[in-house]
Amino acid sequence: STIALETMDARSMWAHSRLEEINRFLVLQGVPSQLSTQILEYFHYEMRCSHRSAREVQELRELPHELNVRLTMVLFHDLITHCSFFHPLSSETVVAIVQDLRPVVACPGQLVMVEGHRITALHFIRRGVVRVWIKYNEPVHRRRLLATLGDNDFFGERALTAEDDKDAIAT
């Protein structure tokens, strides 16, 4: 357990040092403070969260398939357990879907899906908030918030069907 604490300490110190280095660069380049804050928040999130899949960690790419599947299931256990999308599915289907997940980080206010465009992906929210709007590109008084989604929610399930559905904007 001492080794685990030392590893956590080293990772924390590395992250802090890296954030300081990024901040110095942004200050020296005269980047506006609002943009600097968003960039630092992004890197802070990236350094502290565990959304990466085994496929993205170089050393783990060489694992035998069975071990890779088991590791992936552990890494996504919270999502599988709490996301209602997975509840009616067979174990084999869950494994197949989880093996194909590709983590994506969206910045606050970033459009993930645009109203009127074909839905091309099913999205699972591991951490954060997604707002679903209609008439998003119109004046503020005409916009309508349809839903606010959070941890372990999902959207874009129509991407799994052959229908040519179009959806609202998700930010």
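Scroll up to find the structure.
Quick caveat: nothing in here was measured; it's all calculated off a predicted structure.

K.L.:
Lay out helix α3 (residues 65-75) with the relevant residues and their values.
P.N.:
Within α3, burial applies to N68, V69 and T72. Projected onto a plane normal to the axis of α3, the buried residues spread over an arc of 100° and lie on a single side. Opposite its buried face, α3 presents the exposed residues E66, R70 and V74, each directed more than 90 degrees away. Residues of α3 that are buried make contact with α5 (91-99).

K.L.:
Which residues make up the pattern of salt bridges, and what values do they have?
P.N.:
Counted under the stated rule, the structure contains 5 salt bridges. Between E66 and R70 there is a salt bridge, with its nearest N and O atoms 3.9 Å apart. Placement of the pair is E66 and R70 together in helix α3, with a separation of 4 residues, close to one helical turn. Using a relative accessible area of 52% as the deciding quantity, one classes R70 as exposed. Between R102 and D100 there is a salt bridge; the shortest N-O distance is 3.6 Å. Note on accessibility: R102 and D100 belong to one class, exposed.

K.L.:
Describe α5, listing the residues and the values that go with them.
P.N.:
Burial in α5 covers these residues: V94, V98 and Q99. Down the axis of α5, the sector holding all buried residues measures 125°, keeping them to one side. Where α5 is buried, its residues touch α3 and α4 (77-82).

K.L.:
Tell me what's going on with unusual backbone geometry, and back it up with residues and numbers.
P.N.:
Positive phi is not limited to glycine here, since K135 has a value of about 60°. Its place among the elements puts K135 in the loop between β2 (130-134) and β3 (144-149). Owing to a relative accessible area of 35%, K135 belongs among the partly exposed residues under this scheme.

K.L.:
Quick one: what's the story with the pairing of β2, residue by residue and with numbers?
P.N.:
Along β2, 4 of the 5 residues are buried, which leaves the element largely enclosed by surrounding structure. Bridge count for β2 against β3 is 5 bridges, and the pairing is antiparallel. Each residue of the ladder has a partner; that of I134, found in β3, is R144.

K.L.:
An account of the side chain of N152 is requested, with residue identities and associated values reported.
P.N.:
Tracing the backbone through its elements, the reader meets N152 in the loop between β3 and β4 (154-155). Apart from residues no more than four positions distant in its own chain, N152 is found in contact with D78, L79, H82, C83, I125 and R126.

K.L.:
Give me the lowdown on the packing of aromatic side chains, citing residues and values where you can.
P.N.:
As enumerated under the stated definition, the model contains 7 aromatic pairs in all. Between the aromatic rings of F86 and F124, the centroid separation amounts to 5.0 Å while the plane-to-plane angle is 20°, which identifies the pairing as stacked. Residue F86 is found in the loop between α4 and α5, and its partner F124 is found in strand β1 (residues 123-124); the two are separated by 38 residues along the sequence. Accessibility assignment for this pair places F86 and F124 in one class, buried. Taking the centre distance of 5.9 Å and the plane angle of 55° together, the rings of W133 and Y136 count as tilted. Residue W133 shares its accessibility class with Y136, and that shared class is buried. By the ring-pair criterion, three or more aromatic residues cluster together here, those being F85, F86, F124 and F154. R143 extends its terminal NZ or CZ atom over the ring of Y136, reaching a point 4.5 Å from the ring centre.

What counts as what
Residues numbered from 1 in each chain as written. Predicted model: local features only at pLDDT ≥ 70, side-chain atom pairs only at ≥ 80, totals over all residues. Heavy atoms only, no water. Buried < 20%, exposed > 50% of the residue type's maximum accessible area, 1.4 Å probe, protein only. Helix = DSSP H or I, 4+ residues; strand = E, 2+ residues; numbered from the N terminus. Arc of directions from axis to C-beta. Contact = heavy atoms within 4.5 Å. Salt bridge = Lys/Arg side-chain N within 4 Å of Asp/Glu carboxyl O. Pairing = 2+ DSSP bridges. Phe/Tyr/Trp six-rings, centres within 6.5 Å; stacked < 30°, edge-to-face > 60°. Lys NZ or Arg CZ within 6 Å of the ring centre and 35° of its normal.

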